[in-house]
Amino acid sequence: MSAPDRRIRHLRLSASTAADVRHVLPRLEDALRCASLPDAGGQLLLVRRLALGRLPRDASAQSLSLLIERRVADLAGNWLDGDEAAAATADCVRFSSRYDARLRLSLRLARGQATGEWYWPLAVPEFRPAAPAAANLCGIAAALAALPEARIALPAWTAALVEAGAVPLLVAAIAPVLGAALTARAGLAGPAATARPGGTAATSRSTW
């Protein structure tokens with residue numbers, strides 16, 4: 001099993017000298033990579049802010065890792081599902097996977113619902129809040145087509161949007177030529193796959 005993908009978008013450190021900051025950064029990176037966090041199995045966890053407090057200059061990566069684990073454990077019971085209304089003001093949001101985040105965002109775009117919450121650009125890197133819904137769906141489709149599990153993910157995503165009544169938006173987002181390119185990229189090329197965006201929808205489902 002591959003190691004979880006963990007990223008910090010903004011890191012704020014204050015120290016008496018720049019050398020002190022450079023000294024702690026590699027250890028902090030190792031600590032984040034090695035910490036035992038509840039993100040196993042592909043679960044996507046998004047934390048708005050995580051205060052670690054004062055860090056000893058000579059703190060080891062192991063001690064920093066334990067500190068991160070404690071701070072994340074303190075959030076237990078506060079995680080909100082990304083589709084909950086209260087998630088907009090929450091400090092920690094979760095999705096069952098990156099696919100789940102992409103699908104939920106796509107459905108919100110298809111329904112014309114708000115997508116201005118802080119966590120969407122983090123959960124779905126290709127999402128551009130200022131772009132039209134069709135352009136964002138096109139970007140999400142391209143991201144899904146590039147995944148190793150694209151043969152399952154892309155048809156499942158298309159099927160969900162078709163079931164949600166978003167066929168006109170899908171047609172606007174994915175022109176026939178682009179649709180053929182995406183399905184070929186996902187390993188789904190063929191008459192049924194390239195006919196129209198919803199053509200491959202009924203063949204498979206995803207549960208991740």
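The shown structure was predicted, so the numbers you read here are calculated from the model rather than taken from an experiment.

Novice: Whenever I open this one, the packing of aromatic side chains confuses me. Can you help?
Specialist: In this description, a pair of aromatic rings is defined by centroid distance and the angle of the planes. Applying the stated criterion to the full structure yields four aromatic pairs. With centroids separated by 5.5 Å and ring planes inclined at 90 degrees, the aromatic side chains of W118 and Y119 adopt a geometry described as edge-to-face. One aromatic cluster is present, built from ring pairs that chain together F95, W118, Y119 and W120.

Novice: What exactly am I supposed to notice about the pattern of salt bridges here?
Specialist: Oppositely charged side chains can form a pair if their charged atoms are brought close together. All told, the structure shown has eleven salt bridges when counted by the stated rule. The partner of D83 in a salt bridge is R104, with the nearest N and O atoms 3.4 Å apart. In this pair, D83 is assigned in the loop between β2 (80-81) and β3 (92-95) and R104 in helix α3 (residues 98-111), connecting sequence segments 21 residues apart. Between E126 and R102 there is a salt bridge, and its shortest N-O distance comes to 2.6 Å. In this pair, E126 sits in the loop between α4 (120-123) and α5 (133-145) while R102 sits in helix α3, placing the two residues 24 residues apart along the sequence. Using a relative accessible area of 17% as the deciding quantity, one classes E126 as buried. Each of D81, D83, D100, R104, R108 and E117 takes part in one network of salt bridges that share partners.

Calculation rules
- Residues numbered from 1 in each chain as written.
- Predicted model: local features only at pLDDT ≥ 70, side-chain atom pairs only at ≥ 80, totals over all residues.
- Heavy atoms only, no water.
- Phe/Tyr/Trp six-rings, centres within 6.5 Å; stacked < 30°, edge-to-face > 60°.
- Salt bridge = Lys/Arg side-chain N within 4 Å of Asp/Glu carboxyl O.
- Helix = DSSP H or I, 4+ residues; strand = E, 2+ residues; numbered from the N terminus.
- Buried < 20%, exposed > 50% of the residue type's maximum accessible area, 1.4 Å probe, protein only.

These figures capture arrangement, not role.
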